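Structure at a glance
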Amino acid sequence: MNARRWIARRLRREALYLKVVVPALLVVLLAEWLWWWIDVRDQAELHVPGVGLLFFVLGWYALVRAVRNVPYTHAGYRAWLAATPWTVAEPLPFGPAELDWPDAVILAAFLAVYATVPGHQSAKILAVFFFLHALALTPTIRSAANHVPAYITLFGLALMIKLWPQPWVCALTGVVVYLVVYDGLRLTLARFPRPGDEKSEAALAGFDAAKAACGWPYDRLLRDPGESAPDGDEGRALTPAEIAAIDLEKVTMRQGVRFADAMAWSLLLGWWVSCVGPVLFPGERYRAFLLAAFPVFAAVCGLIRIAIYTSGYRSPISPWGRLLTLRWIVPGYDVVFLGPLLTVAIPSTVFIIGLLKDLPLEIVGPTALAATLFIALAAPPSLRRWRLVGRHRIVPGVQADQGDDD
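Since the structure is predicted, the reported quantities are computational estimates derived from the model, not experimental observations. (Residues numbered from 1 in each chain as written. Predicted model: local features only at pLDDT ≥ 70, side-chain atom pairs only at ≥ 80, totals over all residues. Heavy atoms only, no water.)

With that settled, consider the overall build of the protein chain. Secondary structure summary: the protein chain contains 19 helices and two strands in total. Counting contacts in the protein chain only where the partners sit at least 6 residues apart, residues at least 24 apart contribute 77% of the total. For the protein chain, the exposed surface amounts to about 22,900 Å²; the carbon and sulfur share of it is 68%. (Helix = DSSP H or I, 4+ residues; strand = E, 2+ residues; numbered from the N terminus. Contact = heavy atoms within 4.5 Å. Areas by Shrake-Rupley, 256 points an atom, 1.4 Å probe, with all protein chains shown as cover.)

Now the structure itself:
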């Protein structure tokens, strides 16, 4: 009797899924029975709507299941749980964040229904589910500074796309990716609660006089360089003596990108292009895509870097002033154009040399794209150094306008 109550209680938690999944499965079963009854099952186009509905509901289930029970995706749940003595060694009150036996039952139902479709490949059900489920959990994992599991997950997801023509290999890869995600999720929950987790959504959105926008240029001078005040005094107004004692080289930039993150994102870009490109653009179309995408991507990265660095920071002397004073180059300011120049020049050189040496474009293209992103993120000067010691004049920019609007 206790076992029945336990099973019933667990199934009630899955009521949302069952209200959507069960009707969809019944519709697909009814359609397949209808095609069998009128003896037209050999016409493949008749099965397309049912299969589409099946995979659509499967994708919905994978995404909702990934975020529904995780505290970090619900501000109210997060604040309430942070006020309790809960630890990762105990089960979550509103249901497990990791996959459990009800999920296995639901997936088995999807597999059973899909097996009624002629020419089915059941492994695709598992591959799609694990891909979307892991993809939805990756931002939650990375938000808790678990970068390594998040990057490994993204690497594995691209590999799954590459292995899509081999469904069972793709599905097994999905299982491995989920194990990495599960480990990252456990690490994330082990760090719960973090400072600020106990605040409710209303409290986080409330007005804080210590953090309110003061207008330009005060926000730019005092709040732009760092995410928090020294010694953990976040949001507290600083005295003149404390401001003078700040070591500017140790102030972290909110907009900065770590070297390791720049390297990881660049490698992931090249890997995703090499894995996803041939699937989306088979044959010669993939080569044409690489030839067209690289120059556009290099130009866009260079322009975006210039826009970020020069928004609100102008040259200390106008173009006419440079001509009249013969100061055609201002090293302290013109260094801002070094990063965009390297972003375009170095990958272009690699790309052209690779083509001249008859290297495979399938290798040269992703490598050049990865190099472009890496240089755009990591080339000197860093955003922190530029804004703190660059030879520029500060003018109202995008960030100041946004602060005034708030």
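As a further point, take the environment of leucine 92. Looking at where leucine 92 falls in the secondary structure, it is placed in the loop between α4 (75–82) and α5 (101–114). Once the C-alpha coordinates of leucine 92 and proline 71 are considered, the two residues, 21 residues apart in sequence, prove to be 8.9 Å apart.

Omega for the peptide link from proline 380 to proline 381 comes to -5°, which places this bond in the cis form. Position of proline 381 relative to the elements: it lies in the loop between α17 (361–378) and α18 (383–389). With a phi close to 60°, aspartate 358 is a non-glycine residue in the positive phi region. Looking at the secondary structure, you find aspartate 358 in the loop between α16 (338–356) and α17. The class for aspartate 358 is exposed, based on a relative accessible area of 69%. (Buried < 20%, exposed > 50% of the residue type's maximum accessible area, 1.4 Å probe, protein only.)

Within the element layout of this structure, histidine 133 appears in helix α6 (residues 123–143). Overall, the relative accessible area of 0% leaves histidine 133 in the buried class. For histidine 133, the residues in contact, after removing those within four places along its chain, are Ala62, Arg65, Ala66, Leu99 and Tyr178.

Another point: helix α12 (residues 259–280). Here α12 is 22 residues long and its end C-alpha atoms lie 31 Å apart, about the 32 Å a rise of 1.5 Å per residue gives. Taken together, the buried positions of α12 are Asp261, Ala262, Ala264, Ser266, Leu268, Gly270, Val273, Ser274, Cys275, Val276 and Gly277. (Expected span 1.5 Å × (residues − 1).)

We now examine the packing of aromatic side chains. Considering all chains together, one arrives at 16 aromatic pairs under this definition. Here the aromatic rings of tryptophan 80 and phenylalanine 94 are separated by 5.7 Å at their centres, their planes lie at 0°, and the arrangement is stacked. With tryptophan 80 in helix α4 and phenylalanine 94 in the loop between α4 and α5, this pair connects stretches of sequence that are 14 residues apart. Both rings, one in tyrosine 333 and one in phenylalanine 337, keep their centres 6.1 Å apart while their planes meet at 75°; by these two values the pair is edge-to-face. (Phe/Tyr/Trp six-rings, centres within 6.5 Å; stacked < 30°, edge-to-face > 60°.)

Moving on, we get to a nonpolar patch on the surface. Taken together, the side chains of Leu30, Trp33, Leu34, Trp36, Trp37 and Ile38 present a nonpolar region at the surface, about 700 Å² in accessible area. With respect to the helices and strands, tryptophan 33 occurs in helix α2 (residues 15–37). (Patch = residues over 30% accessible without salt bridge, like charges linked within 9 Å, V, L, I, M, F, W, Y side chains within 5 Å. Salt bridge = Lys/Arg side-chain N within 4 Å of Asp/Glu carboxyl O.)

If you look at the biggest cluster of nonpolar residues, it comprises 33 residues, and the most contacted ones within it are Leu92, Leu157 and Met160. Those elements that provide at least two residues to this core are α4, α6, α7 (147–162), α8 (167–190) and α12. For this core, the element with the most residues is α6, which contributes seven residues. Setting aside residues no more than four positions away along its own chain, methionine 160 makes contact with Ala127, Phe131, Cys170, Thr173, Gly174 and Val177. (Core = buried A, V, L, I, M, F, W, Y, C linked by side-chain atoms within 4.5 Å.)

Attention shifts here to the pattern of salt bridges. Where side chains of opposite charge bring their charged atoms close, a pairing between them can arise. Going through the model one piece at a time under the given rule, you end up with three salt bridges. Note that glutamate 284 is salt-bridged to arginine 287, the shortest N-O span being 3.5 Å. Of this pair, glutamate 284 and arginine 287 both sit in helix α13 (residues 284–310), three residues apart, which is roughly one turn of the helix. With relative accessibility at 60%, the residue glutamate 284 sits in the exposed group. A salt bridge links arginine 287 to glutamate 362; the shortest N-O distance between them is 3.6 Å. In this pair, arginine 287 is assigned in helix α13 and glutamate 362 in helix α17, connecting sequence segments 75 residues apart. Accessibility expressed as a relative area gives 34% for glutamate 362, which makes it partly exposed.

Relative to the helices and strands, glycine 332 is located in helix α15 (residues 331–334). Among all residues touching glycine 332, those that are not within four sequence positions of it are Trp386, Gly390 and Arg391.

Mapped onto the secondary structure, histidine 47 falls in the loop between α2 and α3 (48–68). Classification of histidine 47 as buried rests on a relative accessible area of 5%. Not counting the four nearest positions on each side in its chain, histidine 47 is found in contact with Glu32, Trp35, Arg41, Val117 and Pro118.

Interhelical geometry of α6 versus α8 gives an angle of 25° and a closest axis separation of 8 Å. It follows that α6 is roughly parallel to α8 by the angle criterion. Helix-helix and strand crossings are classified by hand; for α6 and α8 the assignment is left-handed. Across the interface between the two elements, Ala123, Lys124, Leu126, Ala127, Phe130, His133, Ala134, Leu137, Thr140 and Ile141 of α6 pack against Pro167, Trp168, Cys170, Ala171, Gly174, Val175, Val177, Tyr178, Val181, Gly184, Leu185 and Thr188 of α8. Within the contact of α6 with α8, the residues separate by chemical class into 16 nonpolar, five polar and one charged. (Axes fitted to C-alpha atoms, helices over the stretch in contact; angles between N-to-C directions. Parallel < 35°, antiparallel > 145°, perpendicular 65-115°, else oblique. Left-handed = near helix turned anticlockwise from the far one by under 90°. Nonpolar A, V, L, I, M, F, W, Y, C, P; charged D, E, K, R; others polar.)

This next bit is on α16. Residues separated by three or four positions in an α-helix point in the same direction, a consequence of the helix having 3.6 residues per turn. The end-to-end C-alpha separation of α16 is 26 Å, in line with the 27 Å expected for 19 residues at 1.5 Å each. Listing the buried residues of α16 in full gives Gly339, Pro340, Thr343, Pro347, Phe351 and Gly354. All buried residues of α16 lie within an arc of 115° about the axis, which places them on one face of the element. Structural note: α16 exposes Leu341 and Leu356 on the side pointing more than 90 degrees away from its buried face. (Arc of directions from axis to C-beta.)

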